[in-house]
Number of protein chains: 2
Amino acid sequence: MSRNDELKARAEAVIPGGMYGHMSTYRMLPEGYPQYFERADGCRLWDVDGNEYIDFMCSYGPMIAGYANPRVRAAADAQRNQIDIANAPAAVIVDLAEKMMSQISHAEWAIFAKNGNDATTACNMIARGRTGKRKILVAQGAYHGSQPWAARRTKGTPDEDYVHFPTYTFNDIESVTQAVAQASGDLAGIVVSAFRHDAGFHQELTDPDFARAVRALCDKEDAALILDDVRAGMRLSLDASWSEFGVQPDLSAWGKAIANGEPIAAVLGSEPWREAASKTFMTGSFWYQAAPMAASLETLAILNEENAPARLEALGQRFRDGIYEQAQRHGHSVLQSGPAAMPTLMFEDDKDSRLGFAFCQAALKEGVYLHPWHNMFLSLAHSEADIDQALEGTDRAFGTL
Amino acid sequence: MSRNDELKARAEAVIPGGMYGHMSTYRMLPEGYPQYFERADGCRLWDVDGNEYIDFMCSYGPMIAGYANPRVRAAADAQRNQIDIANAPAAVIVDLAEKMMSQISHAEWAIFAKNGNDATTACNMIARGRTGKRKILVAQGAYHGSQPWAARRTKGTPDEDYVHFPTYTFNDIESVTQAVAQASGDLAGIVVSAFRHDAGFHQELTDPDFARAVRALCDKEDAALILDDVRAGMRLSLDASWSEFGVQPDLSAWGKAIANGEPIAAVLGSEPWREAASKTFMTGSFWYQAAPMAASLETLAILNEENAPARLEALGQRFRDGIYEQAQRHGHSVLQSGPAAMPTLMFEDDKDSRLGFAFCQAALKEGVYLHPWHNMFLSLAHSEADIDQALEGTDRAFGTL
């Protein structure tokens, strides 16, 4: 019995369904994907049976500067050696807030939390607190965390939990305009993702006209434009992700990559929303933990030094070009969607995902960890040589189909 | 200008209201309390101006085995050296789940998260998922996290968010019986705290008859008894806190002290709730982080080795006895409430907290960090000598009143 199977057998007794959430291979991934990992370094993972993988998931986003990045680890350790938790925060919270203000155009204040979903929920609370209105528009199918309002998939959630979260269709100006009209007078905010990155679907880049329309609607209705930059933040831009369209949110939610895997999330906001933020009670036992803040400062320094978004895009494009050429050569029609830095790779005419599953399983055996229906992630720890080595594996994987 | 004031001035520009949540000295504590700390070791904290304190807040609960506990730190570091985050968890998640099963009587499965509020919310989701019913009873004034349902103090929260969270009065069998009767047929669960530890009030130990009545009501209604053991967990008992009354919850929420300050929370449940838990999508980017799990395993080992609850009670009683004697001698009437391991110290006839504030400020100047209106916490890092040294400080503090 493999060590992975041994652990799975033990876990089935003590963890519901063997594993929960997005890291459950039972519900999320084809047979053969390891449920447990033992070592992580740079862009590589080793499972508990010693198999090595070039990783294209980056822990579903938190890793951006390499697993076990020595600079980030040293910064976190130096902070831990002084102080991590206490009855009040350490000075690093001010340093980090100032750093985010200097880097993120719309941000004039910051609050730090743990989960991305803490941040998206806090944005709603602040939007409602300032406006005194109730409706928060959310894009149909979007994911903003696993709390009921944010995932809309919890069995047993009362209807009332959704009544003030009407939906619209992302990238559809008419749809969001209609949803705003219906909520008019009671609209506290509109939540948007950096782009349409719904898992299980081909990804859609944001239409700049849609972004500008949402901004205009929020202005007209005195509602908050809430940008959920948890998944895409720091990967597409060192500013908020809609900055490239000249569109600034009022409130933005961050998490995942901002500390290279140390647990921290952030709510950033512009001046008009500061007072409401100061009057909204938001907190958590570990939200003031200093080590992840020190890790975040160092991570942001690295991302700036290396101009991460351009680098990740180049790496992703190299991977994407290679896959395209291989698919052509092997006679497969692949649909690569989303930004190159967060590439999604699915097959055409593959509604039951059979082809995607088989391809990813074959790649996995070649030491390449891909995802068949979720966007993937590049990191600064990936080199051109890593990409090329991965492409050798995917070439062989295509050959098995 | 002190370094604390310098940091406060900078923070006022970048953090709403200067600081958020329960670690804001602005809204929570009298003048003179430091907003920033620089070093933590054992039961002592040093603020950014070099002042040393014997700490009776333990970071509001997470610290239980001493700041910078070398064993816990070594366990976390050893895990970090191997792997912390990845695309799936490390083996330690299974070890930790098994350890909690062996230690907590009612627990037959575990799910790990980050915030205590993640765990309390998850309990609600699971209770509703299994029962198909909607109402979750919550004690009036209780705190289960800062999400709107859990704190009930967020300005702008729509009424609908509370409609399925009717309230009852803790320790009042008639009140909870009436609330259950009103929700009958639609009752998914009753949330209880380990004891009545509402901040700002004298604390109330749980009446064993109340505990048994709640258990009987849940059984009768096929609803979940949900124990929020986030704040008290591991301090009153090494089992779930109501075990001493022979009352077991169906679902319990844990956080704070279970990893001595490394960020982790847990949902524990009994067998009948496993299937619903397995079908409830709950997750977060950092919920699978391995280092806090390794820290938790080591923390639990220490708590068991040292029989933490008995030790914390003895330390707390020593402190309480000393305070009582001093108050008598100085002619003050203090009301010490709650369990000795989590003591609350307020003055009689002190509705505006003026006396409590003055006393705590004076104690602070003597190097003793107390809280005027929140329960405090003892830890294994407090020695009898620390308690006695703190009591010398409080004696002088009483003298200033």
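Residues numbered from 1 in each chain as written. Chains lettered and ligands numbered in written order. Predicted model: local features only at pLDDT ≥ 70, side-chain atom pairs only at ≥ 80, totals over all residues.

## Quick look at helix α5 (residues 116-131) of chain B
An ideal rise of 1.5 Å per residue puts 22 Å on 16 residues; α5 of chain B measures up with 23 Å between its terminal C-alpha atoms. At the C-terminal side of α5 of chain B, glycine 132 of chain B shows a positive phi close to 70°. (Helix = DSSP H or I, 4+ residues; strand = E, 2+ residues; numbered from the N terminus. Expected span 1.5 Å × (residues − 1).)

## Observations regarding the confidence of the model for chain A
Averaged over all residues, the pLDDT of chain A equals 97, while 100% of them reach at least 70. Element-level mean pLDDT values for chain A span from 90 in helix α2 (residues 25-28) of chain A up to 99 in strand β9 (residues 251-254) of chain A. (pLDDT = per-residue confidence, 0-100.)

## Things to note about the sheet that holds strand β13 (residues 368-369) of chain B
All names here are of chain B. In spatial order, the strands read β1-β2-β3-β13; together these 4 strands make up an open sheet with mixed pairing. The open sheet is flanked by β1 (37-41) and β13, the only strands paired with a single partner. With 3 bridges connecting them, strand β2 (residues 44-47) and strand β3 (residues 52-55) associate as antiparallel partners. If you follow arginine 44 over to β3, its bridge partner there is isoleucine 54. (Pairing = 2+ DSSP bridges.)

## A few points about the interface of chain A and chain B
You'll often see interface size given as the accessible area lost when the parts meet. Chain A puts 88 residues into the contact, and the matching count from chain B is 88 residues. Of all elements in the fold, only α1 (3-14), β1 (37-41), α4 (92-103), β4 (109-113), α5 (116-131), α6 (148-151) and α9 (274-279) of chain A reach the threshold of two or more residues within the side of chain A that touches chain B. For the side of chain A that touches chain B, the element with the most residues is α5 of chain A, which contributes 7 residues. Tallied by class, residues from the side of chain A that touches chain B come to 43 nonpolar, 29 polar and 16 charged. (Contact = placed C-beta atoms within 7 Å. Nonpolar A, V, L, I, M, F, W, Y, C, P; charged D, E, K, R; others polar.)

## Re the sheet that holds strand β13 (residues 368-369) of chain A
Residue and element names in this part refer to chain A. Pairing is mixed in the open sheet, where 4 strands are placed in the order β1-β2-β3-β13. Whereas interior strands pair on both sides, the edge strands pair on one side only; in this sheet they are β1 and β13. Where β1 lies against strand β2 (residues 44-47), 4 bridges are found, and the strand directions are antiparallel. Opposite arginine 39, over in β2, you have tryptophan 46 as the bridge partner.

## Quick look at α1 of chain A
Residue and element names in this part refer to chain A. End to end, α1 covers 17 Å across 12 residues, agreeing with the expected 16 Å (1.5 Å per residue, within 8%). Residues of α1 that are buried: Asn4, Leu7, Lys8, Ala11 and Val14. Projection of α1 onto a plane perpendicular to its axis shows the buried side chains occupying an angular sector of 125°, all on one side. (Buried ≥ 20, exposed ≤ 12 C-beta atoms within 10 Å, placed from the backbone. Arc of directions from axis to C-beta.)

## Focus on the relation of the copies chain A and chain B
Laying chain A over chain B is done by rotating through 180° and shifting 0.0 Å along the axis; what remains is an RMSD of 0.0 Å. Read as a symmetry element, the transformation amounts to a two-fold axis. Minimal C-alpha separation from the rotation axis in chain A is found for glutamate 160 of chain A, amounting to 2.8 Å. Of the residues that chain A buries at the interface, 100% are likewise interface residues in chain B, meaning the two copies contact each other through the same surface. (Least-squares fit on C-alpha atoms with pLDDT ≥ 70 in both.)

## As for the packing of helix α12 (residues 354-365) of chain B against helix α13 (residues 384-400) of chain B
Any two packed helices are characterised by how steeply their axes cross, that is the angle between the axes, and by the distance between the axes. Residues and elements named next belong to chain B. Taken N-terminus to C-terminus, the directions of α12 and α13 make an angle of 135°; their axes are 8 Å apart at the nearest point. In terms of orientation, α12 and α13 fall into the oblique class. The handedness of the crossing between α12 and α13 comes out as right-handed. When α12 is examined against α13, the residues Phe359, Ala362 and Ala363 are found in contact with a partner set consisting of Gly393, Thr394, Ala397, Phe398 and Thr400. Broken down by class, the residue content of the contact of α12 with α13 amounts to 5 nonpolar, 3 polar and no charged. (Axes fitted to C-alpha atoms, helices over the stretch in contact; angles between N-to-C directions. Parallel < 35°, antiparallel > 145°, perpendicular 65-115°, else oblique. Left-handed = near helix turned anticlockwise from the far one by under 90°.)

## Thoughts on the nonpolar core
Of all hydrophobic cores here, the largest spans 286 residues; its most connected members are Ala110 and Ala266 of chain A together with Ala110 and Ala266 of chain B. The contact partners of alanine 110 of chain B, leaving out residues within four places of it in the chain, are Val14 and Ile15 of chain A together with Ala97, Met100, Ala266, Val267 and Leu268 of chain B. (Core = buried A, V, L, I, M, F, W, Y, C linked by C-beta atoms within 7 Å.)

## Let's talk about the pairing of β4 of chain A
Residues and elements named next belong to chain A. Burial of β4 is extensive: 5 of the 5 residues sit out of reach of the surface. Of the two faces of β4, the one lined by Trp109, Ile111 and Ala113 and the one lined by Ala110 and Phe112 are each fully buried. In terms of strand pairing, β4 meets strand β10 (residues 265-269) through 5 bridges, oriented antiparallel. Its bridge partner lying in β10, tryptophan 109 is registered against glycine 269.

## Topic: the packing of helix α3 (residues 70-82) of chain B against helix α10 (residues 290-305) of chain B
Residue and element names in this part refer to chain B. Two elements in contact, α3 and α10, have axes separated by 8 Å at closest approach and are oriented at 150°. Relative to α10, the element α3 is oriented roughly antiparallel. Of the two possible hands of crossing, α3 and α10 adopt the one that is right-handed. Together, Arg71, Val72, Ala75, Ala76, Ala78, Gln79 and Arg80 of α3 and Ala290, Ala291, Ala294, Ala295, Leu297, Glu298, Thr299 and Ile302 of α10 make up the contact between the two elements. Its residues placed into classes, the contact of α3 with α10 shows 10 nonpolar, 2 polar and 3 charged.

## Some thoughts on the domain arrangement of chain A
Residue and element names in this part refer to chain A. According to the domain assignment, chain A consists of domain 1 (3-67 + 307-400) and domain 2 (70-305). Between the C-alpha centres of domain 1 and domain 2 the distance comes to 26 Å. Counting from both sides, the interface comprises 22 residues of domain 1 and, opposite them, 23 residues of domain 2. By residue number, the principal contributor to the side of domain 1 that touches domain 2 is helix α11 (residues 308-330), which donates 3 residues. A per-class count over the side of domain 1 that touches domain 2 returns 14 nonpolar, 8 polar and no charged. (Domains from an automatic or database assignment.)

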